[in-house]
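A structural walkthrough
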Amino acid sequence: MATTKPGERKLQILQTLATMLEQPKGEKITTAALAAKIEVSEAALYRHFASKAQMFEGLIDFIESTVFGLVNQISAQQEKGLYQAQAIALMLLNFAERNPGMTRVIIGDALVNEDERLQLRMNQFVDRIELALKQALRLAAAQGEANEAEATMRANILTSFVLGRWQRFAKSRFQHKPGDGAAQQIALMLV
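Starting from 1, residues in each chain are numbered consecutively following that chain's sequence as written. Confidence filtering applies because this is a predicted model: local features only for residues at pLDDT of at least 70, side-chain atom pairs given and counted only at 80 or more, and all residues used for totals across whole chains, interfaces and linings. With hydrogens and water stripped out, all remaining heavy atoms of the structure feed into the side-chain values.

**Considering the packing of helix H1 (residues 8-21) against helix H4 (residues 52-77)**
- It is the contact of H1 with H4, at a shortest axis distance of 10 Å, that shows an interaxial angle of 85°. With respect to each other, H1 and H4 are oriented roughly perpendicular. Seen from H1, the contacting residues are Ile13, Leu14, Leu17, Ala18 and Leu21; seen from H4, they are Met55, Phe56, Gly58 and Leu59.
- Throughout, the ten residues Ala, Val, Leu, Ile, Met, Phe, Trp, Tyr, Cys and Pro are labelled nonpolar, Asp, Glu, Lys and Arg are labelled charged, and all others, Gly among them, are labelled polar. Among the residues making up the contact of H1 with H4, the classes are represented as eight nonpolar, one polar and no charged. An axis is simply a line fitted to the C-alpha atoms; with a helix, the fit covers only the stretch in contact. Between two such axes, the angle follows the N-to-C directions and lies from 0 to 180 degrees. Counting from the N terminus, the helices are DSSP H or I runs at least four residues long and the strands are E runs at least two residues long. Should an angle fall under 35 degrees it is called roughly parallel, over 145 degrees roughly antiparallel, and 65 to 115 degrees roughly perpendicular, with every other angle called oblique. Contact definition: two residues touch when any of their heavy atoms are within 4.5 Å.

Shown next as structure tokens:
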């Protein structure tokens, strides 16, 4: 077997884990199955990660840094608050469609029977999404394009819509694409 550079094996483990999570049957992933897929021993996995929970934390780190990096880009590039809210919601749906395995992590489906702190972290992730949407809608209110009193409620509605689309995507074995018809539906929620 060819030698890998430092950090490459760790990335390979995370990529393989994400790929395994894309399997529609959603079977529990064991370290033995993951090691077999990469063609290494379980001990080799544990040289890079202290536990399976730490592997999932690596995926969550990727999800958080990618999503909130994109939220920051949208906020910086789009001056209008309503457009920010719409762009953030659509980006979240597109992220899920491009990363089906990560979607199972976000909705907690892949975290069943794993360390409880992983699900708590994903709950905080969703809270941060709702906060970003609320900030965009408050900006829209300050710009005279939305009602300040409705910002919290609309942010919650958008967050629930995105969560529902993610759930449907995962539960349909990735057949119902989260972005299908979403732009028009989000526009209706922002009127």
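**Examining unusual backbone geometry**
- With phi around 65°, Glu39 is a residue other than glycine that occupies positive phi space.
- Along the chain, Glu39 turns up in the loop between helix H2 (31-38) and helix H3 (42-48).
- The buried label applies to any residue whose accessible area, calculated with a 1.4 Å probe on protein chains only, is under 20% of its type's maximum; exposed applies above 50%, and partly exposed to all values in between. Look at Glu39 and you get exposed, because its relative accessible area is 66%.
- Phi at Asn113 takes a positive value of approximately 70°, unusual for a residue other than glycine.
- Along the chain, Asn113 turns up in the loop between helix H6 (100-106) and helix H7 (116-142).

**Some words on the confidence of the model for the protein chain**
- Per-residue pLDDT for the protein chain has a mean of 93; in total, 96% of the residues score no lower than 70.
- Think of pLDDT as the predictor's per-residue confidence, scored from 0 to 100. In the model of the protein chain, H3 stands out as the element of lowest mean pLDDT, 91, in contrast to helix H5 (residues 81-98), which has the highest, 98.

**Looking at the packing of aromatic side chains**
- Centre distance within 6.5 Å is the pairing criterion for rings of Phe, Tyr and Trp, where only the six-membered ring of Trp is used; planes under 30 degrees apart are then read as stacked, over 60 as edge-to-face, and the remainder as tilted. By the definition in use, this model includes three aromatic pairs.
- Measuring from centroid to centroid gives 6.4 Å for Phe62 and Phe95, while their planes differ by 35°, and the two rings are tilted. Of the two residues, Phe62 sits in helix H4 while Phe95 sits in helix H5, which places them 33 residues apart along the sequence.
- Aromatic side chains Phe169 and Phe174 sit 5.1 Å apart centroid to centroid with 65° between the ring planes, which places their arrangement in the edge-to-face category.
- Taking the relative accessible area as the measure of exposure, Phe169 reaches 1% and is therefore buried.
- Exposure remark for Phe174: the relative accessible area of 9% places this residue in the buried category.
- When the NZ atom of lysine or the CZ atom of arginine is within 6 Å of a ring's centre and also within 35 degrees of its normal, the charge is said to sit over that ring. Taking NZ or CZ as reference, Lys10 lies 5.2 Å from the ring centre of Phe49, over its face.
- When the ring centre of Phe68 is taken as origin, the NZ or CZ atom of Arg128, which lies over that ring, is 3.8 Å away.

**Considerations on the nonpolar core**
- Throughout, nonpolar core names a set of buried Ala, Val, Leu, Ile, Met, Phe, Trp, Tyr and Cys residues whose side chains join them through atoms within 4.5 Å. Core analysis: the largest hydrophobic core is formed by 62 residues, its most contacted members being Phe56, Leu59, Val105, Phe125, Leu158, Trp166 and Ile186.
- Ignoring sequence-local partners within four residues, the contact set of Val105 consists of Leu21, Phe56, Leu59, Ile60, Ile63, Ala110, Leu111 and Met122.

**With respect to helix H9 (residues 182-189)**
- Listed as buried for H9 are Ala182, Ile186 and Met189. Seen from one end, H9 has its buried residues packed into an arc of 55°, which puts them on one side. Structural note: H9 exposes Gln184 and Leu188 on the side pointing more than 90 degrees away from its buried face.
- Next to the buried residues of H9 lie H5 and helix H8 (151-171). For this quantity, the arc is that covered by the directions from the helix axis to the C-beta atoms.

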